[in-house]
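# Breakdown of the fold
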Amino acid sequence: MANETNATPTWKIYNRPWYLRLLFAIWGYIKNVGLMIWSVIKAIPFKLWGLIKAIGRLFYGLGYRFVKGDWRTKISYVIFGFGCFSRSPKQFLKGLLWLAVEVVFVLYMVFFGSAYLWKMGSLGDVPVEYENGVPVGDDSLQILIYSVFSILLIIFFAYMYVKNTKVAFDTQKHVEAGKPLSTPKQQLNYALNDGYHVTVLILPILGVLIITIMPLIINILVAFTNYGRVDGEVHYAPGNLIDWTGFQAFEKVFGSQYGEAIWNVLAWTLIWAVFATFTNFFFGMFLAMMINKKSIKMKVFWRTCFVLVIAIPDFVTLLMMSKFFSYSDNPSLSGPFNLIVREWFGVDKFNHDWFGTTVGNEISAKIMVIIVNLWRGMPFTMLATYGILMNIPEDLYESSRIDGAGPVRRFVSITFPYIMFVMGPQLITTFTGNINNFNVIFFLTGGGPNHLYQSGKTVGATNLLITWLYSLTISKQDPEYNYGSVIGIFTFLISAFFALIVFNSSKSVKQEDTFQ
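So, a few notes on the structure that sits alongside this text.

Basis of the calculations
- Residues numbered from 1 in each chain as written.
- Predicted model: local features only at pLDDT ≥ 70, side-chain atom pairs only at ≥ 80, totals over all residues.
- Heavy atoms only, no water.
- Core = buried A, V, L, I, M, F, W, Y, C linked by side-chain atoms within 4.5 Å.
- Buried < 20%, exposed > 50% of the residue type's maximum accessible area, 1.4 Å probe, protein only.
- Helix = DSSP H or I, 4+ residues; strand = E, 2+ residues; numbered from the N terminus.
- Contact = heavy atoms within 4.5 Å.
- Salt bridge = Lys/Arg side-chain N within 4 Å of Asp/Glu carboxyl O.
- Phe/Tyr/Trp six-rings, centres within 6.5 Å; stacked < 30°, edge-to-face > 60°.
- Lys NZ or Arg CZ within 6 Å of the ring centre and 35° of its normal.
- Axes fitted to C-alpha atoms, helices over the stretch in contact; angles between N-to-C directions.
- Parallel < 35°, antiparallel > 145°, perpendicular 65-115°, else oblique.
- Left-handed = near helix turned anticlockwise from the far one by under 90°.
- Nonpolar A, V, L, I, M, F, W, Y, C, P; charged D, E, K, R; others polar.

Our next topic: the nonpolar core. Proteins that are soluble and globular tend to have nonpolar side chains buried together. Ranked by internal contacts, the top residues of the largest apolar core, which has 25 residues, are I262, L465, W468, Y483, I487 and I494. Secondary structure elements with two or more residues in this core: α9 (248–256), α10 (259–292), α16 (407–435), α18 (465–473) and α19 (481–504). Dropping the residues within four chain positions of it, W468 is found in contact with Y258, A261, I262, V265, V459, N463 and I487. The next biggest cluster of nonpolar side chains, apart from the first, holds 19 residues, and it includes I291, I392, I414 and I419.

Take a look at the structure:
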């Protein structure tokens, strides 16, 4: 009876038609993603409450250590490291390092950081002018950058402040318990052995903060300013002041100025990501299966032919393909492919605009970028899949043959699930990467052909969000940095959704220790 109660739903039974299994599998995946999104939303209040409790414990710990600490520990709340170097010469170097952290922070804030933080609310009052070649005034962008850096430094200092009080209190407890304090040699030995992971990771973490986190925060803040050309007025630093404008840039990107364009670009970005990912995946998988067949001779030769595509840098390959399929109104100036069709196949007037350099040929351009991406991306999947196929236990195939399973059944029940289990995370990261695939679009079409949308704005028909962002900022004569920042935030949210939520809903993550 228990087996009947917990029986597998009928739509999961393998003897159902393949199209029903496919539809229910897709529905089940969509439902799982929806449930995961809902679980994330439900968890937000609990996470916020947990954060509040953690902050409460932090302040309780500070108060407890101050009350229970001796006079040396109390002074450590003002002078970093005092609880170390005042107790023993053995702790002098350790205490000196803590004191150096405080001195560097105070000097930075007094002579540099505080001036920028003071102006962050207005981003400056006097535009920069040059007097005898020396800039005088407020550089709004510089104020923003150094203010963000100062805030990150304050957060780091707050962490070190709490850590300093813990070190001072722990040192006091060691002395009261009669335990010997560690010597500089022992401290160095700890840093190179038990604490080696901390020593090694300090520089990478600082690099991530400065090179990744800090630019991300600045990019987000720029979206709330008028940095760029807005309503015909120029706001470029340092010659002009930048002002905070709230959500005005968001309203214009998603509404009055770029509303129609951004949804068209988003739709094409997702269509491109789906085709670019799954064409490479399935064609690469079947190519690997063909080469892996026992009857195929010269396997190394065939693998090498496709690997050569990977060996050539992307921009070289893509520029070559753009020239190969190039178009000109004068047929004699068109690329080699049009010439080959005319000369070899006798089509006298053949002169097709493959990459849509003329307005109205966007379908051809979109198909071509997908085909070229398939040619350059398929070998990556082929190599990964080939390695997986070589590791599938042959016993599984032998058992399925004995049970009467044909080639299609063996592929559906053994090969494909095995490949998906191993390559599922890569498939998701590839999809996310294709959302931000700048090279293919930029080198093949440059985002064109161009089309006019509302408010007379021109946007390329093959532009992805990332290439459109580039065209609004770097390649434009009058860059619209604030609008570009809004698009950057939008792209980040979409990428984060697929990289985090969809990834965590895959079987590769849920069943990472086994394969079923």
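Still more ground to cover, so stick around.
Before going further, it helps to examine the pattern of salt bridges. What the rule picks out here adds up to seven salt bridges. In this structure, R87 engages D70 in a salt bridge whose closest nitrogen and oxygen atoms are separated by 2.9 Å. Residue R87 is found in the loop between α4 (82–85) and α5 (92–119), and its partner D70 is found in the loop between α2 (18–68) and α3 (71–76); the two are separated by 17 residues along the sequence. Residue R376 pairs with D314 through a salt bridge whose shortest N-O separation is 2.6 Å. Here R376 is found in helix α14 (residues 362–389), whereas its partner D314 is found in helix α12 (residues 314–324), with 62 residues between them in sequence.

For the structure shown, the criterion picks out 45 aromatic pairs. Here the aromatic rings of F315 and F443 are separated by 6.5 Å at their centres, their planes lie at 40 degrees, and the arrangement is tilted. Of the two residues, F315 sits in helix α12 while F443 sits in helix α17 (residues 438–444), which places them 128 residues apart along the sequence. Under the relative-accessibility criterion, F443 is labelled partly exposed at 22%. The structure contains a cluster of three or more aromatic residues connected by ring pairs, namely F66, Y77, F80, W98, F105, F157 and Y161. Across from the ring centre of F66, 5.3 Å away, lies the NZ or CZ of K74, which sits over that ring.

Turning to unusual backbone geometry, a few remarks are in order. Note the cis peptide between A237 and P238, where omega equals 5 degrees. Looking at the element boundaries, P238 is found in the loop between β4 (233–235) and α9. Of note, the amide linkage connecting G448 to P449 takes the cis form, showing an omega dihedral of 0 degrees. In this fold, P449 is placed in the loop between α17 and β5 (450–452). Even without a glycine there, the phi angle at L123 is positive, about 55 degrees. Despite not being glycine, M298 has its phi angle at roughly 55 degrees, a positive value. Position of M298 relative to the elements: it lies in the loop between α10 and α11 (299–311). Take M298: its relative accessible area is 56%, and that puts it in the exposed class.

Attention now moves to the packing of helix α15 (residues 394–402) against α16. Relative orientation of the contacting elements α15 and α16 amounts to 150 degrees, with a least axis distance of 11 Å. By the angle between their directions, the pair α15 and α16 is classed as roughly antiparallel. In the crossing of α15 with α16, the sense of the turn from one axis to the other is right-handed. Residues L396, Y397, S400 and R401 of α15 touch α16, and the partners they reach there are R410, I414 and T415. For the contact of α15 with α16, the per-class residue count stands at three nonpolar, two polar and two charged.

Purely geometric numbers; function is a separate question.
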